[in-house]
Amino acid sequence: MKPFVTSHVFSIIWRVLIVALLGLGGAECREEYSAISCRKHSASITDFGGVGDGKTSNTKAFNKAVASLSKLAADGGAQLIVPAGKWLTGSFNLTSHFTLYLHKDAIILGSQDESEYPSIPVLPSYGRGRDAPDGRYASLIWGTNLTDVVITGNNGTIDGQGASWWKKFKSGKMNLTRPYLIEIMYSDRIQISNLTLIDSPMWFVHPIYSNTIVVQGLTILAPIHSPNTDGIDPDSCSNVRIEDNYIVSGDDCIAVKSGWDTYGIKVGIPTEHVVIRRLTCISPYSATIALGSEMSGGIRDVRAEDITAINTESGVRIKTAVGRGGYVKDIFAQNLTINTMKYVFWMTGSYGSHPDPSFDPKALPMIQNINYRYWSAENVTYSAQLDGIKGDTFRDICISDVSIGLTEKPKEVQWNCTDVSGVTSNVTPKACDALPEKEGVKCNYPTDRLPVEDLPLLKCSA
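Residues numbered from 1 in each chain as written. Predicted model: local features only at pLDDT ≥ 70, side-chain atom pairs only at ≥ 80, totals over all residues. Heavy atoms only, no water.

As recorded in an unreviewed UniProt entry, the chain goes by the name Probable polygalacturonase, listed as coming from Punica granatum. Recorded in UniProt under Sequence similarities (unreviewed entry), the annotation for the chain is "Belongs to the glycosyl hydrolase 28 family." (UniProt positions renumbered as here; feature names shortened; annotations may be inferred.)

All right, on to the pattern of salt bridges then. Under the criterion given, the structure shown has 22 salt bridges. A salt bridge links Glu114 to Lys168, with the shortest nitrogen-to-oxygen separation between them at 2.9 Å. One end of the pair, Glu114, is in the loop between strand 8 (106-110) and strand 9 (119-120); the other, Lys168, is in helix 3 (residues 163-170), and 54 residues separate them in sequence. Across the salt bridge formed by Arg278 and Asp244, the nearest N and O atoms sit 2.5 Å from each other. Within this pair, whereas Arg278 is found in strand 22 (residues 271-282), its partner Asp244 is found in strand 20 (residues 238-248), the two being separated by 34 residues in sequence. Among the residues examined, Asp244 registers a relative accessible area of 34% and is labelled partly exposed. Taken together, the shared-partner salt bridges connect Arg241, Glu243, Asp244, Arg277, Arg278, Arg449, Glu453 and Asp454 into one network. (Salt bridge = Lys/Arg side-chain N within 4 Å of Asp/Glu carboxyl O. Helix = DSSP H or I, 4+ residues; strand = E, 2+ residues; numbered from the N terminus. Buried < 20%, exposed > 50% of the residue type's maximum accessible area, 1.4 Å probe, protein only.)

Looking now at the nonpolar core. The biggest cluster of nonpolar side chains holds 95 residues, and the ones touching the most others in it are Leu100 and Phe345. Examining the composition of this core, we find that nine residues originate from one element, strand 25 (residues 327-348), more than from any other. If we skip the residues at most four places from it in the chain, Phe345 touches Tyr372, Trp375, Ser383, Ala384, Gln385, Leu386, Ile399, Val402, Ile404 and Trp415. In this structure, Ile81, Tyr101, Val150 and Cys460 belong to the second largest nonpolar core, which totals 13 residues. (Core = buried A, V, L, I, M, F, W, Y, C linked by side-chain atoms within 4.5 Å. Contact = heavy atoms within 4.5 Å.)

Counted under the stated rule, the structure contains two cavities of 30 Å³ or more. Here the largest cavity defines a volume of roughly 60 Å³. Looking at the largest cavity, the residues that line it are Val122, Leu123, Tyr126, Arg128, Gly129, Arg130, Arg136, Thr177, Tyr180 and Trp203. By residue class, the composition of the lining of the largest cavity is five nonpolar, two polar and three charged. Considered as a void within the structure, the second largest cavity measures approximately 40 Å³ in volume. (1 Å grid on protein atoms, 1.4 Å probe; cavity = no way out; pocket = protein on both sides within 12 Å on 5 of 7 lines; lining within 4 Å. Points joined across faces, edges and corners; volume = space filled by probe spheres on them. Nonpolar A, V, L, I, M, F, W, Y, C, P; charged D, E, K, R; others polar.)

Written out as structure tokens, the structure reads:
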């Protein structure tokens with residue numbers, strides 16, 4: 001009798017099974033993600049000599065990869081995959097019609113070798129570096145004059161390894177300003193999403209002079225005593241969508257900026273049309289959302305809603321000073337939930353940091369049309385510290401439907417107000433005389449949608 005299955009048939013069946021199993025494995029390895037654009041071409045950092053051992057420098061590999069893939073911009077663009085591993089690198093720049101995608105087990109490690117961060121000019125709207133007057137280090141990941149750039153992943157990690165930078169800064173030894181983790185300049189259509197960002201040397205995410213920006217689904221982590229580790233800082237940008245982010249920071253979780261004193265006034269690019277929603281912030285020594293203090297190009301039409309702040313110094317803080325010029329106006333914040341906070345409402349008209357000692361004392365900021373409603377706070381030390389500028393009143397402040405629960409040992413004077421004017425309605429504890437109760441007032445919140453809110457996200461794969 002012949003065997004039921006011949007060796008030839010068995011061989012065919014075995015090949016079919018192998019192909020099927022390989023196919024299943026391939027399907028499992030593909031990761032889907034949402035992005036403003038998908039790419040026609042794909043490559044791995046290993047194709048350009050990358051080594052993910054956490055020790056080998058990949059700065060040349062990243063720059064080689066971007067330079068090579070930039071040639072595909074006109075043919076559907078390209079994505080650079082960073083697979084599982086630890087990828088040590090210094091500063092590298094991006095290109096247009098490009099996606100940097102991090103696998104869930106990928107970690108980009110910022111080099112601690114300062115020579116791997118080129119020196120670049122100071123920002124024109126700042127006039128000097130924030131740490132030192134002459135120049136600054138290029139950010140770990142950066143780009144300028146770009147269109148259609150995505151930095152994303154399946155919650156992969158970018159670790160700036162900032163401790164050595166913080167130590168040098170605190171000792172006063174910085175000759176140039178520390179690098180940011182991610183900075184995009186003079187660009188349009190930018191997405192930064194679905195990543196974990198750790199220990200930036202300075203600010204984490206800094207889009208500047210750019211338009212149509214989505215920052216979404218980030219986990220940003222830095223020690224609460226780390227210096228200047230702002231989470232997300234849109235700076236002289238318009239049409240910005242910041243949503244679904246979790247931030248633990250040594251500085252402001254989000255800081256909206258637009259240039260510093262006369263330099264910001266001269267450049268004159270405001271930050272406007274910004275929506276911030278579903279943010280969770282922990283920052284015991286800074287603000288949930290700061291407006292300024294670098295606001296000399298102007299800040300307007302900022303909308304914040306559905307915000308949670310835990311053990312954070314203040315809710316929305318406006319920071320400015322004589323010499324800033326510019327404006328902060330048309331600000332709207334609703335549905336904030338706060339637990340453990342020093343100041344729920346904080347405005348500072350004497351934030352005295354200046355790029356030059358000879359600032360213009362006639363350059364006064366305009367602060368007006370500030371609207372806060374539907375806030376709930378517990379374990380609060382002060383309800384408000386609102387300090388305008390003598391002869392330059394912060395006006396048209398509206399606060400409605402706010403309940404503030406105090407600590408076991410609250411300050412006796414809950415509302416401290418100078419050089420401000422406006423109204424309150426249904427606010428406890430009762431506000432200061434400068435913000436009298438007016439029954440039935442409902443502070444404004446826009447009902448229209450910003451264009452960036454309707455920017456479609458496509459289903460892509462890596």
